[in-house]
Amino acid sequence: MAHILVIGGGIAGTAAALALHRAGSDVTVHEAHPESAGDIGAFLTLASNGMRALAQLDASAAVTAVGFPLRSMRVLDGSGAEVARVPLGEAADPLLRYRCLPRGDLAAALQAEAARRGIGIRHGARLASVRDTPDGVTVHFTDGSTATGDLLVGADGLNSVVRRGTAPGVEPRYAGQRVFYGFTDAPVPAGTDAGDSECITMVRGSAAAFGYAVSPDGGTYWFARVAGEPLTADEIGHGTPAHWRGLLLPLLRADTTPAADIVTATTDRVMVTNATEVPTGTPWRSGRTLTIGDAAHAASPATGQGASMALEDAVVLAKALRDAPGTDSALSLYESLRRPRVEENVTVSGGISRGTHRPPSPPARGSAAPAARLGDGELVRHLEWHADLWAEFGAPGPGDRRTR
């Protein structure tokens, strides 16, 4: 049984721990924050592919206990007219329906499930350095403590400390948009389609892309993506909800959609961040160290796939380590399966944020859901827990995917 160290107790790290534990590894998670910490006001949607990954970990129940399902998406133009309404993902399967929930709630639910399974999560362990040797990998924390394992999985997010060793000099880059997030429990304005709590609305405004979903209890989660120069760390750190509303509302009021009224009703839970990505081609591995999730392939939020891609990473990594004949071959197999899919997402999402790639036009009402993204055809086999990855995708021979 390999001992695996996971750095980062967020979505990617805790999901990886669940997957590695299920595959038979001894795993410990080291999280820098002293306790579970969530983003104020930020929410996310887990797509059907992310929900499928959770199902392979037997962790669906832990996540469906929080948030609410989304079965459809409607699209409004700048006049407020509905131009499309389509099913979301695998809406017919309750287990695979999209789910809307606060990011912090998802991380907390995964951590609680990991604790229930006896997986160690050490809080307050901030990574200082990594020492890789032929016999193992040792991590040093800022409090002077150390830990040694057979493999180190860096799931410590966009500003990853682990990535400094696997990809020296690589820094996240701005993807062209500021992203605002908010939540209000005030009564939603007329026209927000509040009667359908399983529908997310996307507004293609003249100056901002806006989206919102109304929960069954009447709370409204929303986001806005706005082109412009990146905000400085000082601006983000000292900005107030009133300041962010003041920046956003003039842009939204240029259109006749519900967006401005929703933001006006949001008094305190507003935050903003820069849309940021890790450049494609960034190395993920060095010796016994591997980065996953945002630490390896963070994308701008335009496609809404960050959390779902991290959950996929967790399942595929655990299966590769379980099925391949050795660690090096397992990590090579993992990278060959994951890199094309996640980097396509980084490219497409970044293109949308920069305005160089238009989002796909929504199908007309009543037509099929949008086309699948790169790799969806094989994804089911990649994630299916009982399918042998090495036998199907890694064994040497004419079908060896590592040579493609």
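Residues numbered from 1 in each chain as written. Predicted model: local features only at pLDDT ≥ 70, side-chain atom pairs only at ≥ 80, totals over all residues. Heavy atoms only, no water.

Enquirer: Can you explain the overall build of the protein chain? Please cite residues and give values.
Expert: Scanning the protein chain from terminus to terminus reveals 13 helices and 19 strands. Taken across its 404 residues, the protein chain has 50% of its residues classed as buried. Long-range pairs, those at least 24 residues apart, make up 72% of the contacts in the protein chain with a sequence separation of at least 6. In the structure as shown, the protein chain presents an accessible area of about 16500 Å², 52% of it carried by carbon and sulfur atoms. (Helix = DSSP H or I, 4+ residues; strand = E, 2+ residues; numbered from the N terminus. Buried < 20%, exposed > 50% of the residue type's maximum accessible area, 1.4 Å probe, protein only. Contact = heavy atoms within 4.5 Å. Areas by Shrake-Rupley, 256 points an atom, 1.4 Å probe, with all protein chains shown as cover.)

Enquirer: Could you give me a rundown of the packing of aromatic side chains, with the residues and numbers involved?
Expert: Enumeration over the complete set of coordinates arrives at 7 aromatic pairs. With centroids separated by 6.2 Å and ring planes inclined at 35°, the aromatic side chains of F68 and Y221 adopt a geometry described as tilted. Separated by 153 residues along the polypeptide, F68 in strand 4 (residues 68-70) and Y221 in strand 16 (residues 220-227) bring together distant segments of the chain. Note on F68: relative accessible area 4%, which makes it buried. Overall, the relative accessible area of 12% leaves Y221 in the buried class. Ring geometry for F183 and Y221: centres 4.6 Å apart, planes at 45°, overall tilted. With F183 in strand 13 (residues 173-184) and Y221 in strand 16, the pair connects residues that are 38 residues apart, well separated along the chain. Like F183, the residue Y221 is buried in the burial classification. (Phe/Tyr/Trp six-rings, centres within 6.5 Å; stacked < 30°, edge-to-face > 60°.)

Enquirer: How would you sum up the pattern of salt bridges? Please name residues and give values.
Expert: With the rule as written, the count across this model stands at 18 salt bridges. For the salt bridge of R22 with D58, the shortest nitrogen-to-oxygen distance reads 3.5 Å. Of the two residues, R22 sits in helix 1 (residues 11-22) while D58 sits in the loop between helix 2 (48-56) and helix 3 (60-64), which places them 36 residues apart along the sequence. Judged by relative accessible area, R22 falls into the partly exposed class, the value being 30%. Across the pair E343 and R339 runs a salt bridge whose closest N-O atoms are separated by 2.6 Å. Note that E343 and R339 are positioned in helix 11 (residues 327-354) at a spacing of 4 residues, about one turn of the helix. For the pair formed by E343 and R339, the shared burial category is buried. (Salt bridge = Lys/Arg side-chain N within 4 Å of Asp/Glu carboxyl O.)

Enquirer: Talk me through the sheet that holds strand 7 (residues 98-102); I want residue IDs and the actual numbers.
Expert: In any sheet, the strands associate via hydrogen bonds between backbone groups, in a parallel or an antiparallel arrangement. Spatial strand order, 3-7-4: 3 strands in an open sheet with antiparallel pairing. Of all the strands in the sheet, the pair left with one neighbour each is strand 3 (43-46) and strand 4. Strand-to-strand twist in this sheet, taken as the mean axis angle between neighbours without regard to direction, amounts to 30°. Looking at chain direction, strand 4 and strand 7 are connected through 3 bridges and run antiparallel. Of the residues in strand 7, the one forming a bridge with P69 is R99. (Pairing = 2+ DSSP bridges. Axes fitted to C-alpha atoms, helices over the stretch in contact; angles between N-to-C directions.)

Enquirer: Tell me about the nonpolar core, and name the residues and values.
Expert: Counting 56 residues, the largest nonpolar core has L46 and I292 as the members making the most contacts within it. Looking at this core element by element, the count peaks at 10 residues for helix 10 (residues 306-323). Apart from residues lying up to four places away in sequence, I292 is in contact with A12, A16, V153, G154, A155, D313, L317 and Y334. (Core = buried A, V, L, I, M, F, W, Y, C linked by side-chain atoms within 4.5 Å.)

Enquirer: Quick one: what's the story with helix 11, residue by residue and with numbers?
Expert: Along an α-helix, residues three or four apart share an orientation, since each turn contains 3.6 residues. Over its 28 residues, helix 11 extends 38 Å from the first C-alpha to the last, a length consistent with the 40 Å expected when each residue adds 1.5 Å. Within two residues after helix 11, G355 carries a phi angle of roughly 80°, on the positive side. (Expected span 1.5 Å × (residues − 1).)

Enquirer: Residues and numbers for empty space enclosed by the protein, please.
Expert: Under the definition given, this model contains 2 cavities of 30 Å³ or more. Quantified by volume, the largest cavity comes out at close to 40 Å³. Considered class by class, the residues forming the lining of the largest cavity number 6 nonpolar, 2 polar and 1 charged. Put simply, the second largest cavity is a space of about 30 Å³. Lining the second largest cavity are D294, H297, A298, A299, G306, M309 and N345. Looking at the lining of the second largest cavity, the elements that each hand over two or more residues are helix 9 (294-297) and helix 10. (1 Å grid on protein atoms, 1.4 Å probe; cavity = no way out; pocket = protein on both sides within 12 Å on 5 of 7 lines; lining within 4 Å. Points joined across faces, edges and corners; volume = space filled by probe spheres on them. Nonpolar A, V, L, I, M, F, W, Y, C, P; charged D, E, K, R; others polar.)

Enquirer: Describe in detail the sheet that holds strand 9 (residues 127-133), supporting the description with residues and values.
Expert: Pairing within the open sheet is antiparallel, and its 3 strands lie in the order 9-10-11. The outermost strands of the open sheet, each flanked by one partner alone, are strand 9 and strand 11 (146-149). Going from strand to strand, the sheet's axes swing by 15° on average, the running direction of each strand aside. The pairing of strand 9 with strand 10 (residues 136-141) spans 6 bridges and is antiparallel.

Enquirer: Which residues make up the pairing of strand 15 (residues 209-214), and what values go with them?
Expert: Counting buried positions along strand 15 yields 5 of 6 residues, so the element is predominantly enclosed. Alignment of strand 14 (residues 199-204) against strand 15, held across 5 bridges, turns out to be antiparallel. By the bridge assignment, I200 is partnered in strand 15 with A213. Between strand 14 and strand 15, which pair antiparallel one after the other, the connecting turn spans 4 residues. Of the pairings in the sheet, the one linking strand 15 to strand 16 comprises 6 bridges and is antiparallel in character. Within strand 16, the position partnered with Y212 by the bridge is W222. The hairpin turn running from strand 15 into strand 16, its antiparallel successor, is 5 residues long, and G218 in that turn takes a positive phi close to 95°.

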